[in-house]
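Analysis of the macromolecular model
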Amino acid sequence: MASQAANLWVLLGLGLAGILIMTRKFKKAVKADFGAFVERLQLLPPPQPPPPKAPHPLTGLSFAISDVFDINGFVTGFGNPDWSRTHELASQTSAVVCALVEGGATCTGRTIVDDMAFGISGEHIHYDTPTNPAAPARIPGGSSSGASVAVAAKFVDFSLGTDAVGGVRVPAAYCGVLGFRPSHGTVAHTGVIPVSASLDTVGWFARDPSILRRVGHVLLQVPFASQRNPRNVVIADDCFQSVNSGDRVSQAVIKAVEKLFGRQIIRHENLEAYLNSKVPSLKQFASKKSNGERKSSATNLLAKVMHTLKRHEFKQNHLEWINAAKPNLDPVISAQMQGGPEITDSNIENCHAVRNEMRSALNDLLKDDGILVIPTVAEPPPKIGAKEIQSEDYQIRSCSFSSIASMSGGCQVCVPMGFHDKCPASVSFVARQGGDRFLLDTIQSMYASLQEQAEVATKSSTSGNAISKEASAEMAKEKGNQAYKDKQWQKAIGFYTEAIKLNGNSATYFSNRAAAYLAMGNFLQAEADSSKAIDLDKKNVKAYLRRGTAREMLGYHKEAIEDFRYALVLEPTNKRASQSADRLKKLFP
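Per an unreviewed UniProt entry, the protein chain is named Outer envelope protein 64, chloroplastic-like, and its organism is Nicotiana tabacum.

With that out of the way, let us pick up the layout of surface pockets. The space that makes up the largest pocket amounts to roughly 1100 Å³. Considering the residues around the largest pocket, the lining is formed by 42 residues, among which Arg138, Glu379, Pro380, Glu388 and Gln490 are closest to the centre. For the lining of the largest pocket, the secondary-structure elements that each account for two or more residues are helix H5 (169-175), helix H8 (246-261), helix H13 (392-398), strand E14 (423-431), helix H17 (489-502) and helix H18 (507-520). In terms of residues, the lining of the largest pocket owes the most to one element, H17, which gives 7 residues. When its residues are assigned to classes, the lining of the largest pocket shows 20 nonpolar, 13 polar and 9 charged. Residue-level mapping places the lining of the largest pocket at the junction of two domains, with at least three residues from each of domain 1 (37-286 + 296-462) and domain 2 (505-587).

Let's shift gears to the pattern of salt bridges. Pairing between side chains becomes possible if they bear opposite charge and their charged atoms approach one another. For the structure on display, the rule yields 25 salt bridges. The salt bridge partner of Asp369 is Arg231, with a shortest N-O separation of 3.9 Å. Within this pair, whereas Asp369 is found in the loop between helix H12 (345-366) and strand E12 (370-374), its partner Arg231 is found in the loop between helix H6 (209-220) and strand E10 (232-236), the two being separated by 138 residues in sequence. The salt bridge partner of Arg547 is Asp563, with a shortest N-O separation of 2.9 Å. With Arg547 in helix H20 (residues 541-554) and Asp563 in helix H21 (residues 557-570), this residue pair connects regions lying 16 residues apart in the sequence. Neither Arg547 nor Asp563 differs from the other in exposure class; each is buried.

Along the polypeptide, Ser144 turns up in the loop between strand E6 (106-111) and helix H4 (145-152). Aside from chain neighbours lying at most four places away, what touches Ser144 is Ser66, Ile112, Gly161, Thr162, Gly167, Val168, Pro171 and Phe205.

Glancing now at the environment of Val257. Residue position: Val257 is located in helix H8. The class of Val257 is buried, set by a relative accessible area of 1%. Sequence separation between Val257 and Tyr484 is 227 residues, and the spatial gap between their C-alpha atoms is 33 Å. With sequence-adjacent residues up to four places away left out, Val257 is seen in contact with Val233, Gly262, Ile265, Ile266 and Met446.

Where H21 contacts helix H22 (residues 575-587), the two axes come as close as 8 Å, and the packing angle between them is 150 degrees. Here H21 lies roughly antiparallel to H22, going by the angle between them. Crossing hand, H21 versus H22: left-handed. From H21, His557, Ala560, Ile561, Phe564, Arg565, Ala567 and Leu568 reach across to H22, where they touch Ala577, Ser578, Ser580, Ala581, Leu584 and Lys585. Here the contact of H21 with H22 is composed, by residue class, of 8 nonpolar, 3 polar and 2 charged.

For the rest of this paragraph, the subject is H20. With 14 residues, H20 should reach 20 Å at 1.5 Å per residue; the first-to-last C-alpha distance of 20 Å fits that figure. Most of H20 is tucked away: 10 of the 14 residues are buried. Residues of H20 that are buried: Val541, Ala543, Tyr544, Leu545, Arg546, Arg547, Gly548, Ala550, Arg551 and Glu552. Close packing links the buried residues of H20 with H18, helix H19 (523-536), H21 and H22. Its side-chain oxygen placed 3.3 Å from the backbone nitrogen of Lys542, Asn540 serves as the N-cap of H20.

To continue, consider empty space enclosed by the protein. Here the idea is plain: a probe the size of a water molecule rolls over the atoms and shows the empty space left. Per the stated rule, a full pass over the model turns up 4 cavities of 30 Å³ or more. Along the walls of the largest cavity sit Ala117, Phe118, Gly119, Ser143, Thr162, Asp163, Ala164, Val165, Gly167, Val195, Asp200 and Lys310, which together make up its complete lining.

To continue, consider the packing of H20 against H22. Each packed pair of helices is defined by two parameters, the angle between the axes and the distance between the axes. Where H20 meets H22, the closest approach of the two axes is 11 Å, and the angle between their N-to-C directions is 25 degrees. Here H20 is positioned roughly parallel relative to H22, judged by the angle of their axes. Here the hand of the crossing between H20 and H22 comes out left-handed. Listed contacts from H22 to Leu545, Arg546, Thr549 and Glu552 of H20 are Arg576, Ala577, Arg583 and Leu584.

Reading the values: the criteria
- Residues numbered from 1 in each chain as written.
- Predicted model: local features only at pLDDT ≥ 70, side-chain atom pairs only at ≥ 80, totals over all residues.
- Heavy atoms only, no water.
- 1 Å grid on protein atoms, 1.4 Å probe; cavity = no way out; pocket = protein on both sides within 12 Å on 5 of 7 lines; lining within 4 Å.
- Points joined across faces, edges and corners; volume = space filled by probe spheres on them.
- Helix = DSSP H or I, 4+ residues; strand = E, 2+ residues; numbered from the N terminus.
- Nonpolar A, V, L, I, M, F, W, Y, C, P; charged D, E, K, R; others polar.
- Domains from an automatic or database assignment.
- Salt bridge = Lys/Arg side-chain N within 4 Å of Asp/Glu carboxyl O.
- Buried < 20%, exposed > 50% of the residue type's maximum accessible area, 1.4 Å probe, protein only.
- Contact = heavy atoms within 4.5 Å.
- Axes fitted to C-alpha atoms, helices over the stretch in contact; angles between N-to-C directions.
- Parallel < 35°, antiparallel > 145°, perpendicular 65-115°, else oblique.
- Left-handed = near helix turned anticlockwise from the far one by under 90°.
- Expected span 1.5 Å × (residues − 1).
- Polar contact = N/O pair within 3.5 Å; in protein donor to acceptor, adjacent residues only side chain to side chain.

This is how it looks when you write it as structure tokens:
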């Protein structure tokens, strides 16, 4: 034990005079480092060149790396103890880690990733889930959870992660830091454990946009070019309308753009309609109802395609090892490996068709000097241990907006925009494939104004009076009604919940949310909301009908009959109440 606790000095093998010092193991440092690190170490940069040569571009900066990047002489853990047990020491250090150390930065440790870097939540079955510094009761997001937490908690200036379906962007949004996913194929992936080759990118986190940009200049290795301003900023209005803090965030972005570049460059787009027209292959992945109506939004369908590709390529990379080693896996991975739908060659061909169409669609929309503005995530981070995290629906929803850059190969940066309901809010900017330097330059130019406008919007929203809260509640209810009509039950519940938070004395809000819960089969919640609506308004016929339906499904037949009969007392001509009461009376006299 004493020898393990002692510092181990090992030559790096980087072709530079670096030194590696391992100082402590993860389990001994959980409370001190928010559970972000697997192990602490040091990779030291080479000496500074003598004047008049310029110093290294990353001099003075510290960084951490996710546990998917190889370090010479150490086993890369890949978020799974069985992987560590069955794999050899790495024989060389990852190319991107070498580039950052040679660029003057000091690596101080390796950070937690989701099991086999496959998840998106940051919850971990093998290690303690890293604590989200911005919202400790909520998940940090994954797969690069520890890297995001290390930056958010100010342990390092920046950190490296990997992003296939949102592995950098989602935790950046959840933890309230900057997160950058470069264009696919622009950053070397040598010495990085793959998840999905056609989607994998090496991304990075930072709190300061100038650091985000400096790291980009080192890793992207793009030639110098004069900075140019965007000529076309496309606001995806329908996407912002679908999230709780969307209006506030989009208005802050619009004001920042107007202040810096002028109103004339702003365009408003219905992204759902645009994708449906420009990406026709998406229709092959749509589930149909009996009336032929599409059940999922275009971005959710895109996320579904993305996850199909990811699962297929993950199995190509790792299924042989999984079958041989029989590791203890996260239930999400096990479900996808064992019980997921069969993926055929035709499915994969269709996935590639969607990718090609998405790339063309984004290129047509943005050209060389355009930026698409979207929410980073559809919802705030769920609470730790929430059941929804394990569901396929959550996997799709959490990555729905991430799918735009992932499936087009474009680049994206997540920018924090203050807080909403005590959770970090963010916005994302997307550029076409190859527009990485342009995007990083633009964010650096806009960042201060974005933060200023976000603060103004936050103060404006908190200083509103009761009348403005009631008006906001009505707006949220109307959005919920539209989502309900579009069969987007979860979104409808989110909007109705927002309306209830703003005005908890409206029976209509509770009754409407009960209807959405019924549509999702959540009968206990539907009964509770209906009861609350009845408490607030004893004459709310719809609430009695919805509570009766929920109770019938729960097996409370006597109580259900009473609800339907009372609805008939209030509204004698209501056929639904009459038919339901008669049916139950015959079945359960």
